[in-house]
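Residues per chain are reported as follows:
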Amino acid sequence: MKNSIMKTLLKCFVLTAFMCGSVMTYAQTKLGGLALYTVRDDMGTNAKATLQAVADAGYKNIEAAGYQDGKFYNMTPVEFKKTLKSMGLKPISTHQGSVTLENADQMMADVKTAGFKYFVIPVPPMGMFEVNKEGMGMDGSVEDLAKILNTLGHKAKKAGLKLLYHNHDFEFKKNTDGIVPIDYLLENLDPKYVNFQMDLYWVTKAEANPIAYFNKYPGRFKIWHVKDMDEQGRFAPVGQGSINFKNILDNKILSGMKYYMVEQDKTFDGLKPLEAIKISHEGLKEIGFK
């Protein structure tokens, strides 16, 4: 009888230890965020399966980039929130490129219902963004952009959200009026209403120094886009390129960063996006992101 009890207790102990170990391992590997723009084609094919793959890759936060007709990836805001929760994913931010002053209130209500904290403007909105032979740019003045962002920032605060503006490279270069757009926005937008999502790849592409911006405008960069640059200047998985993320990460508190999102706009040489996000997740751990 004693032997039987001892064997049962031993089995329970081993099982408990195994389960605790599994939970601890899962908790340790569940880190970081992913911008779903990286896997946009997969999201368009099978959103739920792709979200599960993102969760399985070890990510815990997501940034959406697929809102249309009041839905996120063809799911109502409530359904999208429930789907993320069932997979252990948290909605943090969402890129809302189609926002206008007219549709903002309803769009922000949907974003809030879906559980997001940050409403991100990915490019100059309302027809101001342009792509030409020289690359990306803006049609209109930075003063007009600031007015739009200010109005949207007030709307976001009223809706219980935080508004961020996401950069590319052109905002860090002087425009035809001799103004560096990102500097103008940082100087003229009230941090109570508008802050920024710094894309570390595009800052590097523009030959600007992110740490210099953290020092000049501390606390303004609430979310980072973390993506690397290969020797050809192309997008690369985190840790597979030349960007010194460790040095940048040392200045996390100065920057005001609350969250970071892995993003890779495009993959190369046969690498699939769902494979790239796994490489990036390993890179995050090696660099020291938590």
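Preceding block: the structure.
Reading the values: rules and limits
Residues numbered from 1 in each chain as written. Predicted model: local features only at pLDDT ≥ 70, side-chain atom pairs only at ≥ 80, totals over all residues. Heavy atoms only, no water. Pairing = 2+ DSSP bridges. Helix = DSSP H or I, 4+ residues; strand = E, 2+ residues; numbered from the N terminus. Axes fitted to C-alpha atoms, helices over the stretch in contact; angles between N-to-C directions. Patch = residues over 30% accessible without salt bridge, like charges linked within 9 Å, V, L, I, M, F, W, Y side chains within 5 Å. Areas by Shrake-Rupley, 256 points an atom, 1.4 Å probe, with all protein chains shown as cover. Salt bridge = Lys/Arg side-chain N within 4 Å of Asp/Glu carboxyl O. Lys, Arg positive; Asp, Glu negative; His and termini not counted. Charge placed at Lys NZ, Arg CZ, Asp CG, Glu CD. Buried < 20%, exposed > 50% of the residue type's maximum accessible area, 1.4 Å probe, protein only. Contact = heavy atoms within 4.5 Å. Phe/Tyr/Trp six-rings, centres within 6.5 Å; stacked < 30°, edge-to-face > 60°. Lys NZ or Arg CZ within 6 Å of the ring centre and 35° of its normal. Expected span 1.5 Å × (residues − 1). Arc of directions from axis to C-beta. Parallel < 35°, antiparallel > 145°, perpendicular 65-115°, else oblique. Left-handed = near helix turned anticlockwise from the far one by under 90°.

Student: Help me understand the sheet that holds strand β10 (residues 194–199), please; the structure alone is not making it clear to me.
Tutor: One key point about sheets: their strands pair by backbone hydrogen bonds, in either a parallel or an antiparallel sense. Strand order in the closed barrel formed by 8 strands is β1-β2-β5-β6-β9-β10-β11-β14, and the pairing between neighbours is parallel. Taking each pair of neighbouring strands and ignoring which way they run, the sheet shows an average axis angle of 30 degrees. Across 4 bridges, the pairing between strand β9 (residues 162–166) and β10 is parallel. Of the residues in β10, the one forming a bridge with Leu163 is Val194.

Student: Sorry, what's going on with a positive patch on the surface here?
Tutor: On the surface, Lys60, Lys90, Lys117, Lys157, Lys162, Lys192, Lys252, Lys258 and Lys290 cluster together into a positively charged patch. Mapping Lys90 onto the fold places it in strand β5 (residues 90–95).

Student: Explanation requested: the side chain of His281 in the structure shown.
Tutor: For His281, the location among the structural elements is in helix α12 (residues 273–287). Taking relative accessible area as the criterion, His281 reaches 1% and is therefore assigned buried. Discounting residues that sit within four places of it in the chain, His281 has contacts with Thr29, Leu31, Ala57, Gly58 and Tyr59.

Student: When you look at the packing of aromatic side chains in this model, what are you seeing that I'm missing?
Tutor: Each aromatic ring pair is specified by the distance between its two centres and by the angle formed by the two planes. Tallying each qualifying case throughout the model produces 17 aromatic pairs. Taking the centre distance of 5.5 Å and the plane angle of 45 degrees together, the rings of Phe72 and Phe116 count as tilted. Taken as a pair, Phe72 in strand β4 (residues 71–72) and Phe116 in the loop between α5 (104–113) and β6 (118–121) lie far apart in primary sequence, 44 residues in all. What makes Phe72 buried here is its relative accessible area of 0%. Take Phe116: its relative accessible area is 2%, and that puts it in the buried class. Connected via pairs of aromatic rings, a cluster forms that spans Tyr67, Phe72, Tyr73, Phe80 and Phe116. Residue placement shows Arg40 over the ring face of Tyr37; its charged tip is 3.9 Å from the ring centre. Lying over the aromatic face of Phe268, Arg234 brings its terminal NZ or CZ to 4.5 Å of the ring centre.

Student: Help me out: how do you make sense of helix α6 (residues 142–158) in this one?
Tutor: If you check α6, its first and last C-alpha atoms are 24 Å apart, about what 17 residues at 1.5 Å a residue would give, namely 24 Å. Inspection of α6 places Val142, Leu145, Ala146, Ile148, Leu149, Leu152, Gly153 and Ala156 among the buried residues, and these make up the whole buried set. End-on, the buried residues of α6 take up no more than an arc of 165 degrees, which puts them together on one face. Residues Lys147 and Lys158 are exposed on α6 and point more than 90 degrees away from its buried face. A positive backbone phi angle near 85 degrees is found at Gly160, which sits one or two residues after α6.

Student: Teacher, can you tell me more about the packing of α6 against helix α7 (residues 181–188) here?
Tutor: How two helices pack is summed up by the angle between their axes together with the distance between the axes. At a minimum axis distance of 10 Å, the contact between α6 and α7 shows a crossing angle of 40 degrees. In terms of axis orientation, α6 runs oblique to α7. Handedness of the α6/α7 crossing: right-handed. Seen from α6, the contacting residues are Val142, Glu143, Leu145, Ala146 and Leu149; seen from α7, they are Pro181, Tyr184 and Leu185.

Student: Can you help me understand the pattern of salt bridges in this one?
Tutor: Should the charged atoms of two oppositely charged side chains come close, the side chains can pair. Inspection of the entire model under this criterion finds 9 salt bridges. Between Arg234 and Asp269 there is a salt bridge, and its shortest N-O distance comes to 3.1 Å. Taken together, the residues span a long stretch of sequence, with Arg234 in the loop between β12 (228–229) and β13 (235–236) and Asp269 in the loop between β14 (259–262) and α12 at a distance of 35 residues. Look at Asp269 and you get exposed, because its relative accessible area is 71%. A salt bridge links Lys285 to Glu282, with the nearest nitrogen and oxygen atoms 3.0 Å apart.

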